[in-house]
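What follows is the residue order along each chain.
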Amino acid sequence: MKSCKGIENPAFVSSSPDTPRRVCASSPSIDISVLPTPAAGSPPPPAPQEPLEPPQLSGVPGASELESLSEYEEGPCGWGSFQPRALQRCNTPGGFLFHYCLLALTQGEDRRRLREGGIVVNGLVNISISTIEKRYELQSSLTGLISSSYDIAFCLLSLFVSFIGERGHKPRWLAFASFMLGLGALVFSLPKFFSGKYQFGSLYEDTCLTAKNKGSCSTSSSPLFYYLYVFILGQLFLGTGGTPLYTLGTAFIDDSVPIHKSSLYIGIGYAMSILGPAVGYVLGGQLLTLYIDVDLKHSIDITEDDPRWLGAWWIGFLISWLLAWSLIIPFSCFPKHLPGTAKIQEGKVSQTHQSASLQATDGNFGQSFKDFPAALKNLMRNTVFMCLVLSTCSEALITTGFATFLPKFIENQFGLSSSSAATLAGTVLIPGAALGQILGGVLVSKFKMMCKNIMKFALLTSVISLVLTFVFAYANCENEPFAGVSESYNGTGELGNLTAPCNAHCNCLRSYYYPVCGGNGVQYFSPCYAGCTQSVSKIHPKVYYNCSCIEGEIHITPTPSSVSLEAQAGKCSSQCKNLPPFLGVFFAAIVFTFMAGTPITVSILRCVNQRQRSLALGIQCTLLRLLGTIPGPIIFGSTIDSTCILWDINECGNKGACWIYNNVRMAYMLVAISVICKIITVFFNGLAVFLYKPPPSVTDVAFQNQNAVLTAVSLECDLNKAGNDG
């Protein structure tokens, strides 16, 4: 038998945290199959034992994981044998990130509705909704269905695409996403080309004219109603195209770069998806200044100030169609894995949560769809992963709500016009969210944080954003005087009733909201309800005269040069001075909220098994919609509606939109929702930090392996000695 030899001291075994190795020792196997017969009376030798093998520990590359390195099929950039040398310059993580950012900018579908949708989904669609409602005579509830169609398609396909695509060719999946995005944008624009020319009616008389403005109650649906299904189909295609981007695309980036750079690359990609809505709003806003039928612009006699004006909403979708389809070829030429991916993967240290072991560890797991239930169950049992997902769901709920209703909040609290409020909201939300995403990724990358420290960082930013959320309580402003709502008509009429003796003869429509500010500092629902009979439209803003409901009026003959007026178009200037500090603090709250976005995504990629990252992101995106982005606007909308004090009532007696809100109550209700959701976020982030158990370090594994070999060699020495004594 072999003589007993010493083993290498494991304390001096060189190891690198980036390249885990197995520590080899002498006498790796023990042969004790033949032993001398012990002498009579001597104690029997220990029973033969199987050779001891080093334990396979979760998170340390073992045989199965080393075999998985062969899965990374690296290759050149091109199509088949056509591999131009010029294309190889793009065959890098930076080249892929560039095209990924273009797709995110165009489509941009991500876990918070603010950064979902890019130019098309959250930019052009949102800014075109009101125009589409007017052109195709759709109710707001139906246009809400159009917006929800995107989330429906995403929820139905996200899990399956992320599971199947994990082992597939991810860049080609993104080429498919580009195709579907372009197709969705093209289909969304088709109603313009099949609905004929826009026919605008006669101008509504906004002044007080007897026997005028009598509306009719009609319940019949317009033939244009059926274009609703075309818009829904376009949104379904857009949702299908959005599925691979933030599941397979994010996992591909994580595969292709070192672990400390992953957060930086992902943060840049997410920041570009946030800038998408800004580009969409700017582009869409400029296109809406063009008449809907561009070839008739010089033959019509209405301007943008006319309520009958409709802009060219469809041009932006055609531009997005061409941009999306131009990305099909670049994505299709990328290889399944970028050069150097296998080496990068070999140098990574697993940070998988200890309880997240796969039920099936063979290399074939996940290649068959029959493994889908087992993979899904395995992820759902990962408590750290589920805590991170639930924390992002609560964040998505409030960010989606604010992305939808922040302009309305600013408009009502500070007495601004809809366009000014939307501009201010975009100025705060978009740069703040983009800055937060980039800062989060940069800090995690710069300090090379491991999984637990990344989660602690996300927890810290969530706590800070929770404190800053109380700014809404400070921002509340009292409602300005409003005739018929908070002020009477010169001591006549009743509060809550817009009609008073001074305007009863005017036959005003309550469904036509066109506020004017009287010279007495009181706001009126419309010039008609102010009793105004004359106006001068050449002056901007438009001015009104001879108003019977404004106290102390002087009847004059209006001229363009007149400086005396009784009312002017627009809301009265708000006396509230809290707008600048509100915008500043809210900007900081947005930055800290989105600083946690990239770190949490990276934490999810680290705490789950390597083979299940795409599926984990698919589960996250699905739950985000079911628990966050879909109910978020509904909850915020219902809460804001509960503060309404003046509703739109049409000619049929049906309740429409809310015109006037109780500002103070609205502010406190939004504080309540935000604080509750933020507390839920902090709770689940903290619970994830508490529950997370990192895998044993490489040094610990080396010691355990060496101890196992030491025990085996000592046993061999004892048996050898016993045999010699015998």
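About the cut-offs
Residues numbered from 1 in each chain as written. Predicted model: local features only at pLDDT ≥ 70, side-chain atom pairs only at ≥ 80, totals over all residues. Heavy atoms only, no water. Helix = DSSP H or I, 4+ residues; strand = E, 2+ residues; numbered from the N terminus. Buried < 20%, exposed > 50% of the residue type's maximum accessible area, 1.4 Å probe, protein only. Contact = heavy atoms within 4.5 Å. Areas by Shrake-Rupley, 256 points an atom, 1.4 Å probe, with all protein chains shown as cover. Phe/Tyr/Trp six-rings, centres within 6.5 Å; stacked < 30°, edge-to-face > 60°. Salt bridge = Lys/Arg side-chain N within 4 Å of Asp/Glu carboxyl O. Pairing = 2+ DSSP bridges. 1 Å grid on protein atoms, 1.4 Å probe; cavity = no way out; pocket = protein on both sides within 12 Å on 5 of 7 lines; lining within 4 Å. Points joined across faces, edges and corners; volume = space filled by probe spheres on them. Nonpolar A, V, L, I, M, F, W, Y, C, P; charged D, E, K, R; others polar. Core = buried A, V, L, I, M, F, W, Y, C linked by side-chain atoms within 4.5 Å. Patch = residues over 30% accessible without salt bridge, like charges linked within 9 Å, V, L, I, M, F, W, Y side chains within 5 Å. Disulfide = S-S within 2.5 Å. pLDDT = per-residue confidence, 0-100. Axes fitted to C-alpha atoms, helices over the stretch in contact; angles between N-to-C directions. Left-handed = near helix turned anticlockwise from the far one by under 90°.

Draft legend 1. Summary view of the overall build of the protein chain. Helix and strand counts for the protein chain come out as 22 helices and seven strands. Residue burial in the protein chain is summarised as follows: out of 726 residues, 51% are buried. A separation of at least 24 residues holds for 78% of the contacts in the protein chain among residues at least 6 apart in sequence. Accessible surface computed for the protein chain: about 32,100 Å², of which carbon and sulfur atoms make up 61%.

Draft legend 2. Structural context of the packing of aromatic side chains. Evaluation of the coordinates by the stated rule reveals 40 aromatic pairs. Arranged with centres 4.9 Å apart and planes meeting at 55°, the rings of F188 and F231 form a pair that is tilted. Here F188 is found in helix α5 (residues 170-194), whereas its partner F231 is found in helix α6 (residues 228-242), with 43 residues between them in sequence. Taken individually, F188 and F231 each receive the classification buried, so the pair is uniform in this respect. An angle of 75° between the planes, with centres 5.5 Å apart, marks the rings of F193 and W314 as edge-to-face. Taken together, the residues F193 in helix α5 and W314 in the loop between α8 (259-287) and α9 (315-325) connect sequence positions 121 residues apart. Taking relative accessible area as the criterion, F193 reaches 44% and is therefore assigned partly exposed.

Draft legend 3. Highlighting the pattern of salt bridges. By the definition in use, this model includes eight salt bridges. As a salt-bridge pair, K170 and E166 come within 4.0 Å of each other at their nearest N and O atoms. Given a relative accessible area of 3%, K170 falls into the buried group. Given the relative accessible area of 11%, E166 is considered buried.

Draft legend 4. Examining the sheet that holds strand β3 (residues 532-536) more closely. A sheet is described by the order of its strands in space; here five strands give the open sequence β2-β1-β5-β4-β3, paired in antiparallel fashion. Taken across any chain shown, the strands that pair with only one partner, and hence form the sheet edges, are β2 (523-524) and β3.

Draft legend 5. Spatial organisation of empty space enclosed by the protein. With the rule as written, the count across this model stands at four cavities of 30 Å³ or more. Considered as a void within the structure, the largest cavity measures approximately 220 Å³ in volume. Along its surface, the largest cavity is lined by 21 residues, and N412, N479, E480, Q523 and N663 are the ones closest to its centre. Of all elements in the fold, only α13 (383-414) and β7 (655-661) reach the threshold of two or more residues within the lining of the largest cavity. Considering each element in turn, the lining of the largest cavity owes the most residues, four residues, to α13. The computed volume of the second largest cavity comes to approximately 130 Å³. Forming the boundary of the second largest cavity are 16 residues, of which F402, F586, I590, T593 and K678 lie nearest the centre. Of all the secondary-structure elements, those providing two or more residues to the lining of the second largest cavity are α13, α16 (471-474), α17 (579-595) and α21 (663-691). The element best represented in the lining of the second largest cavity is α17, accounting for five residues. Tallied by class, residues from the lining of the second largest cavity come to 11 nonpolar, four polar and one charged.

Draft legend 6. Focus on helix α18 (residues 597-607). Most of α18 sits out of view: 11 of its 11 residues are buried. Residues of α18 that are buried include every one of G597, T598, P599, I600, T601, V602, S603, I604, L605, R606 and C607, and no others.

Draft legend 7. Highlighting the nonpolar core. Counting 63 residues, the largest nonpolar core has F96, Y100 and F385 as its most contacted members. Top element by residues in this core is α13. It accounts for eight residues. Discounting residues that sit within four places of it in the chain, F385 has contacts with L379, I604, C607, V608, A616 and I619. Listed in part, the 41 residues of the second largest apolar core include F409, A434, C576 and F636.

Draft legend 8. Structural detail: a nonpolar patch on the surface. A cluster of nonpolar residues, L626, L627, I630 and I634, forms a patch on the protein surface that exposes about 350 Å² of accessible area. Positionally, I634 belongs in helix α20 (residues 631-641).

Draft legend 9. Broad picture of the pairing of β3. In terms of strand pairing, β3 meets strand β4 (residues 543-547) through four bridges, oriented antiparallel. In the strand pairing of β4, V536 is matched with V543.

Draft legend 10. Just the state of the cysteines, in detail. For the structure shown, the criterion picks out seven disulfides. The residue that forms a disulfide with C502 is C549, at a sulfur-sulfur distance of 2.0 Å. Linking C502 and C549, the disulfide has an S-S dihedral of approximately 105° and is accordingly described as right-handed. Placement of C502 in the loop between α16 and β1 (516-518) and of C549 in the loop between β4 and β5 (567-569) is noted, with a sequence separation of 47 residues between them. Relative accessible area serves as the criterion here: at 15%, C502 is assigned to the buried category.

Draft legend 11. Seen up close, the confidence of the model for the protein chain. Here the protein chain averages 78 in pLDDT, and 76% of its residues register 70 or above. The model gives residues 1-42 a pLDDT under 50, and that stretch makes 59 contacts with residues more than four places away or in other chains.

Draft legend 12. Fine view of unusual backbone geometry. Its identity is not glycine, yet K448 carries a phi of approximately 50°, on the positive side. Topologically, K448 is positioned in the loop between α14 (418-446) and α15 (451-468). The backbone of N507 shows a phi angle near 55°, a positive value even though the residue is not glycine. With a relative accessible area of 28%, N507 lands in the partly exposed category.

Draft legend 13. The environment of S417, seen in detail. Relative to the elements of secondary structure, S417 occurs in the loop between α13 and α14. Residue classification places S417 among the partly exposed positions, given a relative accessible area of 37%. Through-space distance from the C-alpha of S417 to that of G570 is 7.7 Å; in sequence the pair is 153 residues apart.

Draft legend 14. Spotlight on the packing of α5 against helix α7 (residues 248-256). Where α5 meets α7, the axes come as close as 9 Å, and the angle between the chain directions of the two elements is 150°. Viewed along their axes, α5 and α7 form a crossing whose handedness is left-handed. Facing K170, P171, W173 and L174 of α5, the residues of α7 in contact are L248, G249, A251, F252 and D255. Broken down by class, the residue content of the contact of α5 with α7 amounts to six nonpolar, one polar and two charged.

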